[in-house]
Each structure stands twice: as structure tokens, then as C-alpha cells.
Amino acid sequence: MNYFSSDFKLGILGGGQLGKMLLYNTRKFDIYTAVLDDDNKAPSKIACNDFSLGDLMDYDAVYNFGKQVDVLTFEIENVNVNALEALEKEGVKVYPSSKTLRTIQNKATQKLFYVDNDIPTAPFSRFGYTSEIKEAINNGGLALPFVWKSAQFGYDGQGVKIVRSVEDLDGLPNVECIAENLVPFKNELAVIVARSASGDVKSYPVVEMEFHPEANQVEYVICPGRVDKTIAKKAEAIALKVSEAFNHVGLLAVEMFQTENNEILVNEVAPRPHNSGHQTIEASYTCQFEQHLRAILDLPLGRTDSKVGGVMVNLVGAEGYTGNVVYENIDTIMKMDGVTPHIYGKKQTRPFRKMGHVTIVHEDLNEARRVAEEVKKAIKVISA
């Protein structure tokens, strides 16, 4: 099929920043795109050919949108999977598939998938409702501390809480959830794996992620991760095993823990471009967004190695500020060598909302990390 400057239509479910950055690359290749999102001010609206308003969890909205395109992909997991399944039966290519997404959408199902496929992951217990957890603690069936995770609809640090006492359960939503052993770990790592429709597979270098202690969001992504080569190889091998088990098409970001004993445990996965791959835009031969397109359109996969060391800094709304966004001191960071800001196009800021990111590239990774710290201290996402 001719995708370039043709009648081919690519549909994208979700119009957020990941969709916007994916659209940079469809523009580069002159691929016709349609986007569905429930926000008329979604960042992707300015970059696609057709924009439709609709609820991604609504069956009819997703089904009717999907009938108008040749290939359908998504930039967020919270979409109506039954509609995707119906579209596949009618010949629309959906990548990653509804089967892959159905497993990943539910964290309990995802964890059981790892157990069934002999993929190392932290021990866990599954509960139909959060209210059942107190009884399990009282009966000795569950020990503190643990990590509570909502089975569905968790995103950007939401739906996750470390529970150190019974009182920490108060106020949590009474939903299907898991209680996962609190793993002592040295590092949080990630590997992005690309798999084409023909089954070609390539993986990106292992990255190291540093998280904000309160918001449970990534603050820095460091590529390559500052870990021993044997650890990097082990993480890559496990990520490839996860990819093979899902048999997905597109990108799969595999987030992992490196434990104090140097075990590698899979935390969770995302079947799409991911925060842990943003540095690839400046630092890699093929950025993750172009690679996702190559994979779902069954084009040759690009090189995944890095041209230079890269560090990504997330720009999130500062605490205490809500309203029209102002990027304070952005001119200061743009004076720094190797620094590139990416602004997502969200007009309203609020505490910890992802508003953009900054990539720092340098031949010396330690220098890139030092500059990243300067960037983090200098720029503030506030409101007017």
C-alpha cells in the first residue's frame, strides 16, 4: 500500500502530546491523518488533517471513527476495546491489537499475564474492591507495606499509592485493584521495543528513570541508563521476552525495577510511544514516534542506537498554580548548549500536569545530567 501523498488514512485515538509528536512524523512523510479526542483544544488538533470530537470510551464514537480509516492506532490506553475488536473483525487494521490492549488495560490481568508467561514481576494480590484489603490485612493474608494500584484508568501517577498503614487506605476509591509487594530497588529502568506487522523486532537502549517522590511521575530519563552492561543486557532480554509474549505491533515500553539483588522485575508496560522515549527525538537515529509509524505500517524499522547521550526533563505544572500557563525562564534554558524544549500546547496548567519536556544532549552523559539539573531548577511552569 502507498502511504505517502495518497488516499491512505491513519486514525489516531487520543489527541494529547503523544499524538501531537506522532503527527510531527506523519507530516514529514505526508501521511493523511485523522484524530479523535473529547477535547476541542487537544494538542493534536493543529497537526492532523481531520479532527473529530468524541469520547474514547464510547463504543459508537470509536467504531464510527475507525470505519473511516485504513489503520487505527492510539496514544492512550483508555479507549473502548470492544469497538476496536469489532473494527478488526470488519477488516480495519488496529495496532496494537484489541487483544494486546485488553490485557494491558487492566493491571490485574496484566500481572497475571506475566505470571502465566514466566515473566519476573513483583508478587501481588488481586482484589475485587479496595474495601476487601482491610480484611486481608486483619486475617494475616496481606502484609504491610505494599503498593495499591487501581486495576483500571490509572495514568500519570494517578491510581497508585504506597500503603504503609491501614489508615493509608482511607479515601482510596473502592474499585478493582491489586496490592503489590513493595520492592526494594536500586533503579527504575525501561526498554522500548518496536515490532512490525511482519514480526521484525528492534529495541532501544536501556534508560534510567528518576521519579518525583510525591507525584509518582518521571522527572528525568537518562539514556543510556547508568547501569552495568550485564544489567542492561538482562533488562533488554526481559523486555524482548515481554514483547514476544504480547506479540504486539507498534511500540511497547517495558518499565522495570532493578532490585537490590540485581534482579530485573517487570513493573508495567505501555503499548504506545512513551515518556521514557522522548529523548529519542534529539538523541537517536530514529525517534520513537517515527519508529511507531514504521512498525504499524510494516515499513523497515529504523536504527535504535543513540547518536549522543540524552537526558529528558519533564515540564509539569508547579504546585500552587492553576490557570493560563506561563513558562518562566524558558529563554534562560534556551541559552544552554544542547537544550531543546518541547511545549505540548496545553493552555491551562495545574499542579503536576504534564505541559512539556526538555531534552539535553551531550557527548558526556554526566554533563548532560548536570545541565538537566540546571534546566529543572531554572524553568517554572506557572500561571499568569
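Residues numbered from 1 in each chain as written. Predicted model: local features only at pLDDT ≥ 70, side-chain atom pairs only at ≥ 80, totals over all residues. Heavy atoms only, no water.

What about a negative patch on the surface?
Turning to step 1, where the next piece is worked out: A contiguous patch of negative charge, built from D38, D39, D55, D58 and D60, is present on the exposed surface.
Turning to step 2, where the next piece is worked out: If you trace the backbone, D55 turns up in the loop between β3 (50-53) and α2 (59-66).
Turning to step 3, where the next piece is worked out: For D55, a relative accessible area of 40% translates into the label partly exposed. (Patch = residues over 30% accessible without salt bridge, like charges linked within 9 Å, V, L, I, M, F, W, Y side chains within 5 Å. Areas by Shrake-Rupley, 256 points an atom, 1.4 Å probe, with all protein chains shown as cover. Salt bridge = Lys/Arg side-chain N within 4 Å of Asp/Glu carboxyl O. Lys, Arg positive; Asp, Glu negative; His and termini not counted. Charge placed at Lys NZ, Arg CZ, Asp CG, Glu CD. Helix = DSSP H or I, 4+ residues; strand = E, 2+ residues; numbered from the N terminus. Buried < 20%, exposed > 50% of the residue type's maximum accessible area, 1.4 Å probe, protein only.)

Describing unusual backbone geometry
Turning to step 1, where the next piece is worked out: Residue P96 is bonded to the preceding Y95 through a cis peptide linkage, with omega at -10 degrees.
Turning to step 2, where the next piece is worked out: Here P96 is to be found in the loop between β5 (93-94) and α4 (98-105).
Turning to step 3, where the next piece is worked out: Backbone torsion omega between C223 and P224 reads 0 degrees, so that peptide bond is classified as cis.
Turning to step 4, where the next piece is worked out: Mapped onto the elements, P224 comes out in the loop between β13 (218-223) and α7 (229-246).
Turning to step 5, where the next piece is worked out: One non-glycine residue, D30, lies in the positive phi region at around 55 degrees.
Turning to step 6, where the next piece is worked out: With respect to the secondary-structure elements, D30 resides in the loop between α1 (17-29) and β2 (32-37).
Turning to step 7, where the next piece is worked out: What makes D30 partly exposed here is its relative accessible area of 44%.
Turning to step 8, where the next piece is worked out: In the Ramachandran plot, F352 falls in the positive-phi region, its phi being about 70 degrees despite a non-glycine side chain.
Turning to step 9, where the next piece is worked out: Counting through the fold element by element, F352 comes out in the loop between β19 (348-349) and β20 (354-362).

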